[in-house]
Amino acid sequence: MSGIFTTTRRGALGLALGAAAAVSLAGPAAAEVSFKGKTIEWIIPFSAGGGSDTWARFNAPLLGKYLPGNPTVVVVNEPGGGSTKGSNLFAARAKPDGLTILGTSGSTQFPYLLGDPRVRYEYADWKIVMASPTGGVVYTSPSTGVTKPEEIGKLVGQKLIYASQGATSLDLVPLLGFKQMGLDVQHVFGFKGRGDGRLAFERGETNIDYQTSSAYIKNVQPLVDAGTAVPLFSWGVLDEDGNLMRDPTFPDLPDFGEAYKTMTGNAPSGPEYDAYFAFFTAGFPAQKMVFLPKDTAQEIVDAYQAAIIAMKEDPDYHANKEAVLGTYEQVTGKAADALFKKGTVITPELRKQVVDMLAADYGVKLGEE
């Protein structure tokens, strides 16, 4: 019988990390992979109750239901260091036996991409089994004179104010995107969440903001309906080949590339756009990912991927997924691998460009946030 439990004690990793391997790594046939009677620990490097924790709790019992042997899945919260602590522990201690998996988010990818000294993990060493995309919408105040997305060019030259959680948080995406568009935006750091940013917008303290898709639908669409907010564009989504396209949740809104072209007459390109695109991919299309340790046998990876495909057909999954995931489909196999590569790879030149910009423009030193 599969189940889901939670633990936050310091020694929690030892349960699965010290367990005997459930499967011989000498090359067993796929049919021999079984986790019967075993406990699988899903490490979430964030506190309980947050977005990543909620995501894991939704998927964990379904994953346990369809993995061979119907193991129990335990969500283990290991917060700290902007999610680097739990990820470092996974990298250092997890065995390639299929009994420990890691869930990461854009907040885990960003320190890695930036070369944060707190990072002791290497994404390239891990084997991805699932990616869970999301999206977001940028909107502005009608006080700017903008009444529809096509008028985004009116924002050029205006003083815009944005409530930010920090320059190396997920808010790095709008920071880079707005700079790419040539908008004059003052980023006010120190907000604890995007919900706090929205409230600042509602109070008139800021005049440009973005919310992830579910929060936008729930909390911002009523503002749009009331005439106190004007949607500008969605960040967009990626197709299976990694090309930017409109977010199907917001098919009537232009994506970032279309909005940029409306403003400039050209498609976005060049090193600054490449830097933006790398962090956008890590923050949204590849925001949440599930990994197995390096050296995990392919048979175990295949078992996880098959379980994910099966759980997506489960009636409980379909009945409850939209409330947790929105309209976005969790992916495995080729699609997950494409998002993984695009969301965790950046050239040294682009990394240096962003790190230097953060230090020069915002006084941000990596590892200090």
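About the criteria used
Residues numbered from 1 in each chain as written. Predicted model: local features only at pLDDT ≥ 70, side-chain atom pairs only at ≥ 80, totals over all residues. Heavy atoms only, no water. Buried < 20%, exposed > 50% of the residue type's maximum accessible area, 1.4 Å probe, protein only. Phe/Tyr/Trp six-rings, centres within 6.5 Å; stacked < 30°, edge-to-face > 60°. Helix = DSSP H or I, 4+ residues; strand = E, 2+ residues; numbered from the N terminus. Pairing = 2+ DSSP bridges. Axes fitted to C-alpha atoms, helices over the stretch in contact; angles between N-to-C directions. Contact = heavy atoms within 4.5 Å. Core = buried A, V, L, I, M, F, W, Y, C linked by side-chain atoms within 4.5 Å. Expected span 1.5 Å × (residues − 1). Arc of directions from axis to C-beta.

Novice: So what exactly am I meant to see when it comes to unusual backbone geometry here?
Specialist: Where the residue is not glycine, phi is negative for most of them; where a peptide bond is considered, it is trans in most cases. Of note in the backbone geometry, Asn-70 takes a positive phi value of approximately 50° without being a glycine. Under the relative-accessibility criterion, Asn-70 is labelled partly exposed at 36%.

Novice: Help me understand the packing of aromatic side chains in this model?
Specialist: Any aromatic ring pair is given by two values, namely how distant the centres are and how the planes are angled relative to each other. Per the stated rule, a full pass over the model turns up 34 aromatic pairs. Both rings, one in Phe-110 and one in Phe-279, keep their centres 5.2 Å apart while their planes meet at 85°; by these two values the pair is edge-to-face. Here Phe-110, found in helix 4 (residues 106-114), pairs with Phe-279, found in helix 9 (residues 271-283); they are 169 residues apart in sequence, far enough to count as distant. Of the residues examined, Phe-110 reaches a relative accessible area of 0% and is grouped as buried. Judged by relative accessible area, Phe-279 falls into the buried class, the value being 0%.

Novice: How should the sheet that holds strand 6 (residues 136-140) be read in this particular structure?
Specialist: Sheet strands pair via backbone hydrogen bonds, and the direction of the pair is either parallel or antiparallel. Pairing is antiparallel in the open sheet, where 3 strands are placed in the order 9-6-10. The open sheet terminates on both sides in strands that have one partner only, identified here as strand 9 (208-212) and strand 10 (230-234). Put simply, the sheet's adjacent strands are angled 30° from each other on average, direction ignored. Across the sheet, helix 7 (residues 213-226) lies against strand 6, strand 9 and strand 10, angled at about 135° from strand 9, the strand it touches most.

Novice: Explanation requested: the pairing of strand 6 in the structure shown.
Specialist: Side chains on a regular strand alternate between the two faces of the sheet. Counting buried residues along strand 6, 5 of its 5 residues qualify, which places the element largely inside the surrounding structure. Residues Gly-136, Val-138 and Thr-140 point to one face of strand 6 and Val-137 and Tyr-139 to the other, with burial holding for every one of them. Sheet topology note: the strand 6/strand 10 ladder contains 4 bridges and is antiparallel. For Tyr-139, the partnering residue across the bridge sits in strand 10 and is Pro-231.

Novice: Explain the nonpolar core to me, please; I cannot follow it from the model alone.
Specialist: General note: in soluble globular proteins, nonpolar side chains tend to be found buried as a group. Membership of the largest hydrophobic core comes to 66 residues, with the highest contact counts inside it found for Leu-172, Met-181, Ile-208, Phe-233, Trp-235, Tyr-276 and Phe-279. Examining the composition of this core, we find that 8 residues originate from one element, helix 9, more than from any other. In contact with Met-181, other than residues within four places in its own chain, are Ile-152, Phe-233, Phe-256, Ala-259, Tyr-260 and Met-263. Counting 31 residues, the second-largest nonpolar core is a separate cluster that includes Ala-56, Leu-67, Ile-300 and Met-311.

Novice: Would you explain helix 13 (residues 348-362) in this entry?
Specialist: What sets the pattern is the α-helix's 3.6 residues per turn: residues three or four places apart point alike. For helix 13, spanning 15 residues, the distance from its first C-alpha to its last is 20 Å, which sits close to the expected 21 Å at 1.5 Å a residue. For helix 13, the complete set of buried residues consists of Leu-350, Val-354, Met-357 and Leu-358. Looking down the long axis of helix 13, one finds its buried residues gathered within 100° of arc, a one-sided arrangement. Of the exposed residues in helix 13, the ones pointing more than 90 degrees away from its buried face are Pro-348, Glu-349, Lys-352 and Ala-360. Those residues of helix 13 that are buried lie in contact with helix 4, helix 5 (172-181) and helix 9. Positive phi shows up at Gly-363, right after helix 13, with a value of about 65°.

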